[in-house]
Amino acid sequence: MSDSAALAGPDGAPRCPWALSTPDYVTYHDEEWGRPVHGDDALYERLSLEAFQSGLSWITILRRREGFRAAFAGFEIAKVAAFGEADRDRLLLDPGIIRNRAKIDATMANARVLAEWAPGELDELIWSHVPASHAIPRTLGDVPAVTPESTALSKALKKRGLRFVGPTTAYALMQACGLVDDHLESCVARRV
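Read on for an overview of the structure.

Reading the values: rules and limits
- Residues numbered from 1 in each chain as written.
- Predicted model: local features only at pLDDT ≥ 70, side-chain atom pairs only at ≥ 80, totals over all residues.
- Heavy atoms only, no water.
- Axes fitted to C-alpha atoms, helices over the stretch in contact; angles between N-to-C directions.
- Helix = DSSP H or I, 4+ residues; strand = E, 2+ residues; numbered from the N terminus.
- Parallel < 35°, antiparallel > 145°, perpendicular 65-115°, else oblique.
- Left-handed = near helix turned anticlockwise from the far one by under 90°.
- Contact = heavy atoms within 4.5 Å.
- Nonpolar A, V, L, I, M, F, W, Y, C, P; charged D, E, K, R; others polar.
- Salt bridge = Lys/Arg side-chain N within 4 Å of Asp/Glu carboxyl O.
- Core = buried A, V, L, I, M, F, W, Y, C linked by side-chain atoms within 4.5 Å.
- Buried < 20%, exposed > 50% of the residue type's maximum accessible area, 1.4 Å probe, protein only.

With that settled, consider the packing of helix 6 (residues 85-92) against helix 7 (residues 101-114). It is the contact of helix 6 with helix 7, at a shortest axis distance of 10 Å, that shows an interaxial angle of 140°. Comparing the axis directions of helix 6 and helix 7 gives the class oblique. Between helix 6 and helix 7 lies a crossing of right-handed hand. From helix 6, Arg88, Leu91 and Leu92 reach across to helix 7, where they touch Arg101, Ile104, Asp105 and Met108. Its residues assigned to classes, the contact of helix 6 with helix 7 comprises four nonpolar, no polar and three charged.

This next bit is on the pattern of salt bridges. This model, assessed by the stated rule, comprises 15 salt bridges. With a shortest N-O distance of 2.7 Å, aspartate 11 and arginine 15 are connected by a salt bridge. Between arginine 138 and glutamate 185 there is a salt bridge; the shortest N-O distance is 3.4 Å. Residue arginine 138 is found in the loop between helix 8 (121-127) and helix 9 (148-159), and its partner glutamate 185 is found in the segment after helix 10 (167-176); the two are separated by 47 residues along the sequence. Linked by salt bridges that have partners in common, Glu32, Glu45, Arg46, Arg65, Glu66 and Arg69 make up one network.

What follows concerns the nonpolar core. Ranked by size, the top nonpolar core spans 46 residues in total, and within it Tyr44, Phe68, Phe72, Leu91, Ile104, Leu122 and Leu157 carry the most contacts. Residues contacting phenylalanine 72, with those up to four places away along its chain left out, are Phe52, Val80, Phe83, Leu91, Ile97, Ile104 and Thr107. Ranked by size, the runner-up nonpolar core spans seven residues in total, among them Leu140, Leu184, Cys187 and Ala189.

A separate point is helix 1 (residues 23-31). All of the buried residues in helix 1 are Tyr25, Val26, Tyr28 and His29. Buried residues belonging to helix 1 abut strand 2 (14-15), helix 3 (58-63), helix 4 (65-71) and helix 10.

What follows is the structure, given as structure tokens:
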């Protein structure tokens, strides 16, 4: 990441520079990114989307989010856990999502694993990895890609049988779901 500080957005308010390239990003940045997300299905959705994003730009996933939701039964764990070969074949042909066989297989396998967990267990596991302290980034260069907490979260998820949950994906999940607030210090969307 560059050392860019917050920049003026379309309304003149300072925002994280990554959010300014498209209106879709501005909305996601202002209304969603870094805000606390709870609930097993909601966290399963975010975890799945972060896994699909691996190697791609987030805007690619963001613009296909509704397609993903339709294709994966609203990311209801119980419904996706019941997917079979016919569903896999359907997903591999669905132009509304990223048709990556390994990521589709992981999303389905993760749902089957999570369907065996107690209600609230995914939420509890993820939120148990909130850092005790987190430095407020002044520039994009201050924002890490991996932290000890994301590495620990990744290991915990993998140990429990989940796939496509490396430390970088785990940190992106932590950012997206509000476990950490990586809005820059002068960003209008930063929580106080």
